[in-house]
Amino acid sequence: MADHHSDSAPMFARGRSTATSTAMELRGQCPSHIVAALDALAMARGLDRNAYVNSVLSAHVQEEVDRASVLVRTLRGNPLLPDDIGGAAE
């Protein structure tokens, strides 16, 4: 697994998270037809684009965390899983 440091921000995130801040700006280019579809989906739910995108990203992250949790639980003791999270040395 990649080593991530809390003091380094991904290149697409703006600003730095601080102890008092719980939000950061997320920027990036997106094709206009995708933005139009996001706006339509957001309006259909009574949300603005940012709130809708945050809900979609939150759901996606939760799915990935759930998937990772299943992998770690089921591969415990398997040499393919790193030692520091429950793998077995070969």
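The numbers attached to residues start from 1 for each chain and follow its sequence in the written order. Only residues with pLDDT of at least 70 are given local features in this predicted model, and only at 80 or more are side-chain atom pairs given and counted; all residues enter the totals for whole chains, interfaces and linings. Only hydrogens and water are set aside when side-chain values are computed; all heavy atoms of the structure are taken into account.

1. Details of the overall build of the protein
The condition is simple: Secondary structure elements are defined from DSSP: runs of H or I of at least 4 residues count as helices, runs of E of at least 2 residues count as strands, and each element is numbered from the N terminus. Here the term buried applies to any residue with accessible area under 20% of the maximum for its type, exposed to any over 50%, and partly exposed to those in between, with areas from a 1.4 Å probe on protein chains only. Contacts between residues were defined by any pair of non-hydrogen atoms, one from each residue, lying within 4.5 Å. The accessible surface values rely on the Shrake-Rupley method and a 1.4 Å probe; as for residues, cover is taken only from the protein chains in view.
A tally of helices and strands in the protein yields 2 helices and 2 strands. Seen in sequence order, the protein has helices and strands lined up from the N terminus as β-β-α-α. A burial count over the protein gives 6% of its 90 residues as buried. Long-range pairs, those at least 24 residues apart, make up 5% of the contacts in the protein between residues at least 6 apart in sequence. Of the roughly 7600 Å² that the protein leaves accessible, carbon and sulfur atoms contribute 57%.

2. Here's the deal with the pattern of salt bridges
We count it as follows: For this document, the term salt bridge refers to a Lys or Arg side-chain nitrogen within 4 Å of an Asp or Glu carboxyl oxygen.
Using the criterion set out here, one finds 3 salt bridges in the structure. Between Glu25 and Arg27 there is a salt bridge; the shortest N-O distance is 2.4 Å. Across the pair Asp39 and Arg49 runs a salt bridge, and its minimum N-O distance is 2.6 Å. With a gap of 10 residues between them, Asp39 in helix 1 (residues 32–44) and Arg49 in helix 2 (residues 49–75) connect regions that are remote in the sequence. Using a relative accessible area of 40% as the deciding quantity, one classes Arg49 as partly exposed.

3. Considerations on helix 1
Rule in force here: For a helix, the expected span equals 1.5 Å multiplied by the number of residues minus one.
Taking 1.5 Å per residue as the helical rise, helix 1 with its 13 residues ought to reach 18 Å, and the 18 Å between its terminal C-alpha atoms agrees with that figure. Downstream of helix 1 by one or two residues, Gly46 has phi in the positive range, about 75°.

4. Let's talk about the confidence of the model for the protein
Heads up, the rule is: Known as pLDDT, the predictor's confidence for each residue is given on a scale from 0 to 100.
Chain-level pLDDT for the protein is 84 on average; 77% of the residues reach the 70-or-more range. Low pLDDT, under 50, characterises residues 1–6; the stretch is placed with 1 contact to residues that sit more than four places away or in other chains.

5. Examining helix 2
Note the cut-off: Each polar contact in these results corresponds to two N or O atoms within 3.5 Å; when the atoms are within protein, one needs to be able to donate a hydrogen and the other to accept it, and residues that are neighboring in sequence are counted only if both atoms are side-chain atoms.
Look at helix 2: 39 Å from first C-alpha to last across 27 residues, which is about the 39 Å you get at 1.5 Å a residue. The N-cap residue of helix 2 is Asp48: its side-chain oxygen and the backbone nitrogen of Asn50 are 3.0 Å apart. Where helix 2 ends, the next residue or the one after it, Gly77, has phi of about 90°, a positive value.

6. Quick notes on the environment of Leu81
Structurally, Leu81 can be placed in the segment after helix 2. Judged by relative accessible area, which is 8%, Leu81 ranks as buried. Along the backbone, Leu81 and Leu71 are 10 residues apart, and their C-alpha atoms lie at a distance of 8.9 Å. Apart from the residues within four sequence positions on either side, Leu81 is in contact with Val72, Leu75, Arg76, Gly86, Gly87 and Ala88.

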